[in-house]
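Observations on the model geometry
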Amino acid sequence: MKINKHYTELSGNYLFAEIARKVQAFKAENPQADVISLGIGDVTQPLCPVVVEALHKAADEMAVAATFRGYGPERGYDFLRNAIVENDYRSRGIDIDADEVFVSDGAKSDTGNFQELLAEDCVVAVTDPVYPVYVDSNVMAGRRIVKLPCTAENGFVPELPAEHVDVIYLCYPNNPTGTTLTKEQLRKWVDYALQSGAIIFYDAAYEAFIQSEDVPHSIYEIPGAKECAVEFHSYSKTAGFTGIRCGYTIVPKGVKSEGVKSEKYDLAGTVSLNALWSRRQSTKFNGTSYLSQRAAEAIYTPEGKQQIRATIDYYMQNARLMREALTDIGFTVYGGTDAPYLWVKVPGLTPVGEGSSWGFFDWMLQNAHVVCTPGAGFGPSGEGYVRLTAFGTHENTEKAIRRITNRL
Ligand SMILES: *Cc1c(COP(=O)(O)O)cnc(C)c1O
């Protein structure tokens with residue numbers, strides 16, 4: 001066979017591999033050093049008690065013929081889809097139908113796979129810096145990508161594209177910058193999509209971390225979004241499900257695309273993305289495990305809500321501590337108020353750094369034994385920044401900040 005040539009256009013999965021290589025080399029040379037990672041985007045706190053209880057109960061059901069479950073419904077079990085509609089939408093005054101909810105094994109799969117519905121010649125816009133999945137999945141399919149720079153100069157708010165684009169990926173609260181869009185700022189994008197016929201793929205993976213009043217939790221808080229936006233959710237950061245695997249995608253029936261004429265499977269005229277995604281999922285996906293879905297359902301109980309809130313508060317306390325301490329010692333810090341990420345401007349004063357994100361990464365590792373993520377790994381506009389995550393323990397976060405402070 002010949003391989004898909006577009007894979008040669010990928011920029012290489014070097015970021016986390018290169019970080020791991022550098023950390024490994026440092027540890028080999030400094031076996032005594034206690035290296036703290038504020039780099040990776042994985043959570044550290046265990047699952048909350050209601051989730052563990054739900055997992056045990058579901059496992060017990062699987063052990064008895066009368067309650068055993070095999071393949072589940074493709075779009076997810078009704079108990080979870082109804083809980084999502086009720087708690088994540090109706091409670092906010094948003095009318096989403098259970099048929100518009102597709103339970104998934106996480107937002108990475110769905111944000112990566114959804115582009116399969118697009119024609120090859122669609123032009124895709126992404127913010128820069130960006131969560132690499134949106135870019136790489138479209139590069140693999142051979143699509144052209146337009147980058148929308150998000151910098152300190154524009155307040156990390158992307159400007160509308162100068163040329164026509166068919167799809168726009170937005171992620172707010174943002175990974176990696178930790179910044180947000182207000183309702184007013186998001187409305188501009190919804191209006192643009194409605195006027196230009198573009199569709200917005202909205203990644204709301206960090207919605208649960210929002211603290212500010214005017215930051216929307218869902219794009220459907222904006223009028224007209226149900227005609228132009230698909231929304232991705234994940235329980236990974238919300239409830240520590242990075243290892244359990246569960247999320248969901250909202251594909252409103254009002255989101256329509258230009259079809260194609262074919263004798264075999266006629267998709268002429270306007271096509272509902274809901275129907276098309278359903279067709280795709282029923283072919284390639286056999287559902288999220290019953291256990292994961294019961295676990296996700298449990299976080300919508302009153303105790304569940306309280307318990308996941310406590311963990312999010314725990315992480316946001318880390319974010320606040322880092323933000324305040326780094327600001328106090330003269331760093332310029334963005335994010336960290338509505339997201340578990342801080343986007344830190346690299347100071348010019350580091351001996352090796354000269355303002356570069358890899359230089360500062362090296363300085364932090366050598367001097368503070370702290371691992372961060374170089375912003376350049378998230379796109380050209382990430383150069384000059386590093387990302388710190390609030391997903392560590394209090395103890396390690398405090399220790400890391402103390403070391404950075406002492407070394408300056
Ligand atoms: C962590 C993350 C996700 C969630 O991925 P899962 O597959 O649900 O674990 C989605 N989008 C962004 C931007 C993320 O950082």
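Residues numbered from 1 in each chain as written. Predicted model: local features only at pLDDT ≥ 70, side-chain atom pairs only at ≥ 80, totals over all residues. Heavy atoms only, no water.

Packed helices, taken two at a time, are described by the angle their axes make and the gap between the axes. Relative to each other, helix α2 (residues 49-62) and helix α9 (residues 290-298) sit at 145°, their axes nearing to 8 Å. In the crossing of α2 with α9, the sense of the turn from one axis to the other is right-handed. Every residue of α9 that contacts α2 at Val50, Val51, Ala54, Leu55, Ala58, Ala59, Glu61 and Met62 is listed here: Tyr290, Leu291, Arg294, Ala295 and Ala298. In terms of residue class, the contact of α2 with α9 is made up of 11 nonpolar, no polar and 2 charged. (Axes fitted to C-alpha atoms, helices over the stretch in contact; angles between N-to-C directions. Helix = DSSP H or I, 4+ residues; strand = E, 2+ residues; numbered from the N terminus. Left-handed = near helix turned anticlockwise from the far one by under 90°. Contact = heavy atoms within 4.5 Å. Nonpolar A, V, L, I, M, F, W, Y, C, P; charged D, E, K, R; others polar.)

Turning our attention to the nonpolar core. Core analysis: the biggest nonpolar cluster contains 104 residues, and Ile200 and Tyr235 have the highest contact counts within it. Sorting elements by how many residues they give to this core places helix α10 (residues 302-328) first, with 8 residues. A domain-level breakdown of this core finds at least three residues from each of domain 1 (5-46 + 303-407) and domain 2 (49-301). Non-local contacts of Ile200, meaning those with residues more than four positions away in its chain, are made with Ile168, Leu170, Trp189, Val190, Ala193, Ile219, Cys228, Ala229 and Val230. (Core = buried A, V, L, I, M, F, W, Y, C linked by side-chain atoms within 4.5 Å. Buried < 20%, exposed > 50% of the residue type's maximum accessible area, 1.4 Å probe, protein only. Domains from an automatic or database assignment.)

Strands sit in the order β2-β8-β7-β6-β5-β3-β4 across an open sheet of 7 strands; the sheet is mixed. Of all strands in the sheet, those with a lone pairing partner are β2 (101-104) and β4 (144-149), marking the two edges. Within this sheet the neighbouring strands show an average axis-to-axis angle of 20°, counted without direction. Pairing of strand β7 (residues 229-234) with strand β8 (residues 247-250) involves 4 bridges; the strand directions are antiparallel. When the bridges of β8 are listed, Glu231 appears paired with Ile250. Set on the sheet, helix α3 (residues 78-89) makes contact with β2, β7 and β8; between it and β2 the angle comes to about 115°. (Pairing = 2+ DSSP bridges.)

Here the focus is empty space enclosed by the protein. Enumeration according to the criterion identifies 3 cavities of 30 Å³ or more in this entry. What the largest cavity holds in volume is close to 70 Å³. Lining the largest cavity are Val43, Gln45, Pro46, Cys48, Lys237, Thr238, Ala239, Gly240, Ile308, Thr311 and Tyr315. Put simply, the parts of the chain that give the lining of the largest cavity at least two residues each are α7 (236-239) and α10. (1 Å grid on protein atoms, 1.4 Å probe; cavity = no way out; pocket = protein on both sides within 12 Å on 5 of 7 lines; lining within 4 Å. Points joined across faces, edges and corners; volume = space filled by probe spheres on them.)

On to the site of the ligand. The environment of the ligand is made up of 14 residues, and the closest members are Asp203, Tyr206, Ser234, Ser236 and Lys237. Between the ligand and Lys108, the relevant distance is 2.9 Å, taken from an oxygen atom to a main-chain nitrogen or oxygen of the residue. Measuring from an oxygen atom of the ligand, one finds a side-chain N or O atom of Ser234 at 2.6 Å. Among the cavities detected, the one that contains the ligand is the largest pocket. Going through the elements one at a time, α4 (107-113) and α7 are the ones with two or more residues in the shell around the ligand. Here the residues of the shell around the ligand are counted per class, giving 6 nonpolar, 4 polar and 4 charged. (Near = heavy atom within 4 Å. Polar contact = N/O pair within 3.5 Å; in protein donor to acceptor, adjacent residues only side chain to side chain. Sits in = over half its atoms within 2 Å of the grid points.)

Applying the stated rule across the entire model yields 0 disulfides. Cysteine Cys171 remains unbridged, with the sulfur of Cys150 as its closest cysteine sulfur at 11 Å. Under the relative-accessibility criterion, Cys171 is labelled buried at 4%. (Disulfide = S-S within 2.5 Å.)

Another point: the domain arrangement of the protein chain. Interface size, as often reported, equals the accessible area lost upon joining of the parts. Its domain assignment divides the protein chain into domain 1 (5-46 + 303-407) and domain 2 (49-301). Summarising the inter-unit geometry, the C-alpha centres of domain 1 and domain 2 are found 27 Å apart. Together domain 1 and domain 2 conceal approximately 3100 Å² of surface at their shared face, both sides included; 61% is due to carbon and sulfur atoms. Summed over the three residues of domain 1 that lose the most area to domain 2, namely Asp338, Phe378 and Ser381, the buried surface amounts to 20% of that side. The interface formed by domain 1 and domain 2 includes 0 salt bridges. Our count for the contact surface shared by domain 1 and domain 2 stands at 14 residue pairs in polar contact (both at pLDDT 80 or more). Residue assignment for the side of domain 1 that touches domain 2 shows that the elements contributing at least two residues are α10, β11 (333-335), β12 (341-345) and β15 (385-389). Per-element accounting of the side of domain 1 that touches domain 2 gives the leading share, 9 residues, to α10. Looking at side-chain class alone, the side of domain 1 that touches domain 2 contains 16 nonpolar, 10 polar and 7 charged residues. (Buried area = accessible area lost by both parts, 1.4 Å probe. Salt bridge = Lys/Arg side-chain N within 4 Å of Asp/Glu carboxyl O.)

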